[in-house]
Amino acid sequence: MAKYARMVGASARFKSFALVSSKSTVGNYKEVIAGKGSDQKYYNKCVSYLLERLGHFMLTYGISEDEVRIVFEERKSHDYEKLRNYIHQIKRTPRDKRLEYYLSVIDPRRMEAQAKGVDDLMTLADQVAFSVSAAINASSSNYGVPEQRYLRELKSCFFSDSTGEAVGEFGLKLFKRHSMKFDDTTKTFLVSWHVKGVEPDLHLSK
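The α-helix winds at 3.6 residues per turn, so residues separated by three or four positions along the chain end up facing the same way. End to end, helix H4 (residues 80-92) covers 18 Å across 13 residues, agreeing with the expected 18 Å (1.5 Å per residue, within 8%). Within H4 the residues assigned to the buried category are Tyr80, Leu83, Tyr86, Ile87 and Ile90. The buried residues of H4 occupy an angular sector of 110° when the element is viewed end-on, so they sit on one face. Residues of H4 that are exposed and point over 90 degrees away from its buried face: Lys82 and Arg92. One side-chain oxygen of the residue at the start of H4 lies 3.1 Å from the amide nitrogen of Glu81, identifying that residue as Asp79.

In structure tokens, the structure reads:
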């Protein structure tokens, strides 16, 4: 796995984006996603923050909405029309200045779902998702220690600031990172992906 990640990282011609979120840190939003359909509501909320990172990338490099096709691996029980409507709603009546700005270039009509195995490019998404998960979650197969090597090998594939050093909050977003609980090793690892004073939203407050 590490060898494969290294090969992908060395020859990559793609940019990665990932979101890490926990229901324990969503604050008052817990009340909104409570009850029937809570998993779908939470999933849609997470998608909005992931698309925010994609929108930032598109705005940075002048990529228009009609140049982007957004494909999800299909979850049989998920209502993707509701997801598209949710993103439409955020764009129409934004309550968050950051989301309003970054989602401005996201076209919900270009969002679709495909069954696993239909598009070979989805294997890259699987690789990124697995690497992020392995880096922050203790694994019984690894004696209860998170495996961060895979993600280190892929670091250069992630959207970052112009220096390539600040990946956190650019291509890798940890929702309410400072409220998340990680072991010391994982915390140190994730801090290394962030550069103090380099945040993508700074210009929005000016």
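Further notes follow.
The next thing to look at is the pattern of salt bridges. For the coordinates displayed, the defined rule picks out 11 salt bridges. With a closest N to O distance of 3.0 Å, Glu112 and Arg69 form a salt bridge. One end of the pair, Glu112, is in strand E3 (residues 111-114); the other, Arg69, is in the loop between helix H3 (38-61) and strand E2 (70-73), with 43 residues separating them in the sequence. One salt bridge in this structure joins Arg149 and Glu153, with 3.7 Å as the shortest N-O distance. Separated by four residues within a single helix, Arg149 and Glu153 lie in helix H7 (residues 149-154), roughly one turn from each other. We classify Arg149 as partly exposed; its relative accessible area is 36%. Here Glu153 falls in the partly exposed class, since its relative accessible area comes to 22%. Residues joined by salt bridges that share partners form a network here, namely Glu52, Arg53, Arg98, Glu169 and Lys173.

The residue Val71 is located in strand E2 in this model. Between the C-alpha atoms of Val71 and Asp119, which are 48 residues apart in sequence, the distance is 9.5 Å. Contact partners of Val71, with chain neighbours within four places excluded, come to Glu112, Gln114 and Met122.

So, how was this worked out
Residues numbered from 1 in each chain as written. Predicted model: local features only at pLDDT ≥ 70, side-chain atom pairs only at ≥ 80, totals over all residues. Heavy atoms only, no water. Helix = DSSP H or I, 4+ residues; strand = E, 2+ residues; numbered from the N terminus. Expected span 1.5 Å × (residues − 1). Buried < 20%, exposed > 50% of the residue type's maximum accessible area, 1.4 Å probe, protein only. Arc of directions from axis to C-beta. Polar contact = N/O pair within 3.5 Å; in protein donor to acceptor, adjacent residues only side chain to side chain. Salt bridge = Lys/Arg side-chain N within 4 Å of Asp/Glu carboxyl O. Contact = heavy atoms within 4.5 Å.

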